[in-house]
Amino acid sequence: MPSNRIEVNYTPNEDFHLLTNYLFSTHFIFTIMRQQILLFVVIILTFGCKDHETSDMSLPKYVEETHSYAQPNIAVIKHLELNLDVDFETETIEGIANYEISAENASEIVLDSKYLDIVKVTSDGVDTEFELGPFDQQLGQALRIKISEATKHITIHYKTTAQTEALQWLDPQQTADKTHPFLFTQGQAILTRTWIPIQDSPQIRITYNATVKVPSNLLAVMSAENPKNKSADGSYYFKMKQPISPYLIALAVGNLEYQAVSERTGVYAEKSMIEKAHAEFNDMEKMVIAAENLYGTYDWEQFDVIVLPPSFPFGGMENPRLTFATPTVIAGDKSLTSLIAHELAHSWSGNLVTNATWNDFWLNEGFTVYFETRIMEALYGKDRANMIALIGRQDLEDEIEGFKGEPEMTKLKLDLTNKNPDDGMNSIAYDKGYLFLRTLEEAAGRDKFDSFLKTYFKTNAFSTITTEGFIDYLNVHLLEPNAVEFNVDAWVYQPGIPKNQAIIVSDRFKNVENRLQDFISKKFVEVAKTKDWTTQEWVHFIRNFPETITIADLKRFDVAFDFTNATNSHIAMVWYEQAINHDYHEGNVDQNIEDFLIRVGRRWYVSTLFKAYKRNGKVDEALAIYEKSRDNYHSVTVNTIDALLDYKK
Ligand code: BES
Ligand code: ZN
């Protein structure tokens, strides 16, 4: 049931939007009479536009962006038609990208391109001049294409190269079934430009269609309307009618099967994983219903998850209609499925209301962690939600400690000029963002906060928002009408955590802490006292070992709980971290750590373990493993670990 809004190729005019929101808010109408409003509009339009070069007084649509060469205020892409040939032999994609554009008196349109071979460009079917600018390690190159006033379409013939960072080509050996090759893309934050020439800023919104040709024994799926079965000849046609930001264009190709969970939810996975994935994620429909009950209709029609091979560099990626997920969340007991709630929540925070620039990344992730926690609470209760929140709270503490020398990195609003947007992808955006919103919820009251958020998503659907835009919206729609005093600026623009932070408590975690102390002081483990512990309690137990824990203590725990052979990836990861921290080498722990690091490419896990080696003066050990694991990692994990270990090829 698509709403009218979706059909419209909606372009945000953020400043105007905010202005109208403000002017027509009840609050404002009560304080100023109609005529005065008109006068005010005239004054704002006359004097408020001083900085803008346009003489017709139209406000700029797109804000300044340091991670894209595009000049969307001059010429912008609106719709993309892709025609792609996926070649596993040469590990390249050969493509034709046709764009519908919108421009005013422009003589060129500028796109982003990185590690692409641009073969030819046409403008409305006729060859046109193009130029690739100087290469920047982060941004790639500006692709400047000559257009005329009348130009409606441009077409680019191109090929990806061996350097293309978005793509990971996998041998059969690197997949679950080990029978067929696999390919997946990762666009966020600025990698889409490495497989499609594009205006690669989150402020851009386009619809797309794609024709994709793959080997006939493989299935292709995208962040679009998807096939459920293989075609006879390996040709697939995709339609994405809801406008999305370029970082959300995604493709996966493999020997995949589909199993529905409900009419609008389901899973794609390789044969050997499909049953497990289906069982693990069979609450998907319930999650969508819970999310809709909280913050309004799910606007993307379908919500599927694809389980990728273990080298996928993230836990999950919220590609619209088709979340990409790591197989490491399949624990067998649904204990790690908050990740699915998280990616689902992005269907509102991120995909519907999108951060305008990567400096506003906390708007995507902080809101999503808040929303994720609310979905988990609705499905499984407050206990579980608070444990998840407290694990994040501890991550935040560790992150702030790690940024001791760079406190400006602990602000919500960042300045990532000349930095890779990846540098902002840390616990500050996620967990400080969450804490801010939870503190706001407590200050305003849950009912008021929920109706505020619901309206926020509806009003800003299919558009982008800056941190400043959000703060204005918050003042006008939540704080002022309810006379709530709140130190918003301190939360957003100051380092660290303000004093009025919400305090999260969990009796279950208190019990875990007491048991831990008990077992250590008595040198005796009462296994029965841990009988119904959940994954979150085990993670909390292991992460909170005292500095002074001995090998004998660790061994006692390992004998009692077999942490070294844990099949739950989160429990295994935190245990391995402690083994590295405390020089614990009993049993097969060293072998298991190495196998884990070779098989799993999830950056959060991999970097946590390599950081532990580094912190403990064991860079040589880390490098010995990394030599064996590096080839299995996607470029985003490789880039992080190369820098961490100062790896030279
Ligand atoms: N959108 C992110 C992943 C991402 C962020 C990729 C920035 C590239 C740049 C995704 O929604 C996410 O947050 N994934 C988390 C899982 C989550 C449960 C915290 C992850 O991968 O760990
Ligand atoms: Zn996220």
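(A) Quick peek at the overall build of the chain. Counting secondary structure elements, the chain contains 21 helices and 21 strands. Expected size for 649 residues packed as a compact globule is a radius of gyration near 26 Å; at 25 Å, the chain falls within 12% of this value. C-alpha extents for the chain along the principal axes are approximately 80 × 65 × 50 Å. Evaluated residue by residue, the chain yields a buried proportion of 59% over its 649 residues. The contacts in the chain between residues at least 6 apart in sequence include a share of 71% that link residues at least 24 apart. In the chain, the 61 positive side-chain charges and the 92 negative ones have mean positions that sit 4 Å from each other.

(B) Representation of the coordination of the zinc ion (ligand 2) in the model. Bound to the zinc ion (ligand 2) are the protein donor atoms His342 (NE2), His346 (NE2), Glu365 (OE) and Glu365 (OE), situated 2.0 to 2.8 Å from the metal. One can describe the site at the zinc ion (ligand 2) as irregular: its 6 donor atoms subtend angles covering 51 to 159 degrees at the metal.

(C) A look at the sheet that holds strand β4 (residues 116-123). Taking strand neighbours across the sheet as the criterion, the 7 strands line up as β5-β4-β8-β2-β1-β11-β13 in an open arrangement whose pairing is mixed. Two strands bound the open sheet, and with one partner strand each, they are β5 (126-127) and β13 (235-244). The pairing of strand β1 (residues 75-87) with strand β2 (residues 92-103) spans 12 bridges and is antiparallel. Of the residues in β2, the one forming a bridge with Ile77 is Ile101.

(D) Expanded view of the pattern of salt bridges. For the structure on display, the rule yields 37 salt bridges. One salt bridge connects Glu165 with Lys114, and the closest N-O pair in it is separated by 2.9 Å. Taken together, the residues Glu165 in the loop between β8 (153-160) and β9 (167-170) and Lys114 in the loop between β3 (108-113) and β4 connect sequence positions 51 residues apart. Summarising the burial analysis for this pair, Glu165 and Lys114 share the class buried. In this structure, the salt-bridge partner of Asp553 is Arg556, at a minimum N-O distance of 3.1 Å. On the criterion of helical spacing, the pair formed by Asp553 and Arg556 is a turn pair, its members being 3 residues apart in helix α16 (residues 551-561). Taking relative accessible area as the criterion, Arg556 reaches 25% and is therefore assigned partly exposed. Overlapping salt bridges, with partners in common, bring together Glu377, Lys382, Glu441 and Arg446 in one network.

(E) Inspection of the packing of helix α18 (residues 589-599) against helix α19 (residues 603-615) at higher detail. Two elements in contact, α18 and α19, have axes whose closest approach is 10 Å; the angle formed by their N-to-C orientations is 135 degrees. Classified by the interaxial angle, the pair formed by α18 and α19 is oblique. Helix-helix and strand crossings are classified by hand; for α18 and α19 the assignment is left-handed. Seen from α18, the contacting residues are Ile593, Phe596 and Leu597; seen from α19, they are Tyr605, Val606, Leu609, Phe610 and Tyr613. In the contact of α18 with α19, the residues fall into 8 nonpolar, no polar and no charged.

(F) Quick look at the site of ligand 1. Neighbouring residues of ligand 1: 15 residues in total, closest Gln188, Gly315, Glu318, Glu343 and Tyr430. The separation between a nitrogen atom of ligand 1 and a polar main-chain atom of Gly316 is 3.2 Å. Calculation on ligand 1 without its partners gives an accessible area of 520 Å², and the protein chains cover 89% of this total. Element by element, the count of residues in the shell around ligand 1 is highest for helix α7 (residues 338-345), at 3 residues. In the shell around ligand 1, the residues fall into 6 nonpolar, 6 polar and 3 charged.

(G) Structural view of the confidence of the model for the chain. For the chain, the average pLDDT comes to 92, and 91% of its residues sit at 70 or higher. Confidence over residues 1-57 falls short of pLDDT 50; this stretch has 65 contacts with residues more than four positions distant or in other chains.

(H) Spotlight on the side chain of Thr328. Relative to the elements of secondary structure, Thr328 occurs in the loop between β19 (322-325) and α7. Given the relative accessible area of 9%, Thr328 is considered buried. At a separation of 3.1 Å, a polar atom in the side chain of Thr328 contacts the side chain of Arg602. With near-sequence residues (within four places) excluded, Thr328 lies in contact with Leu336, Ser569, Val600, Arg602 and Tyr605.

(I) Main features of unusual backbone geometry. Following Gln188, the chain continues to Ala189 via a peptide bond in cis, the omega torsion being 0 degrees. By the secondary structure assignment, Ala189 is in the loop between β10 (182-185) and β11 (206-213). In this structure, Glu91 takes a positive phi of about 50 degrees despite not being glycine. Within the secondary structure, Glu91 is located in the loop between β1 and β2. The class of Glu91 is partly exposed, set by a relative accessible area of 36%. In this model, Asn105 sits at a positive phi of 50 degrees, which is unusual for a non-glycine residue.

Rules used throughout
Residues numbered from 1 in each chain as written. Chains lettered and ligands numbered in written order. Predicted model: local features only at pLDDT ≥ 70, side-chain atom pairs only at ≥ 80, totals over all residues. Heavy atoms only, no water. Helix = DSSP H or I, 4+ residues; strand = E, 2+ residues; numbered from the N terminus. Rg over C-alpha atoms; globule rule 2.2 N^0.38 Å. Buried < 20%, exposed > 50% of the residue type's maximum accessible area, 1.4 Å probe, protein only. Contact = heavy atoms within 4.5 Å. Lys, Arg positive; Asp, Glu negative; His and termini not counted. Charge placed at Lys NZ, Arg CZ, Asp CG, Glu CD. Donors = N, O, S within 2.8 Å, 3.2 Å for Na, K, Ca; no water. Tetrahedral: all angles 85-135°; square planar, octahedral: opposite > 155°, others 65-115°. Pairing = 2+ DSSP bridges. Salt bridge = Lys/Arg side-chain N within 4 Å of Asp/Glu carboxyl O. Axes fitted to C-alpha atoms, helices over the stretch in contact; angles between N-to-C directions. Parallel < 35°, antiparallel > 145°, perpendicular 65-115°, else oblique. Left-handed = near helix turned anticlockwise from the far one by under 90°. Nonpolar A, V, L, I, M, F, W, Y, C, P; charged D, E, K, R; others polar. Near = heavy atom within 4 Å. Polar contact = N/O pair within 3.5 Å; in protein donor to acceptor, adjacent residues only side chain to side chain. Areas by Shrake-Rupley, 256 points an atom, 1.4 Å probe, with all protein chains shown as cover. pLDDT = per-residue confidence, 0-100.

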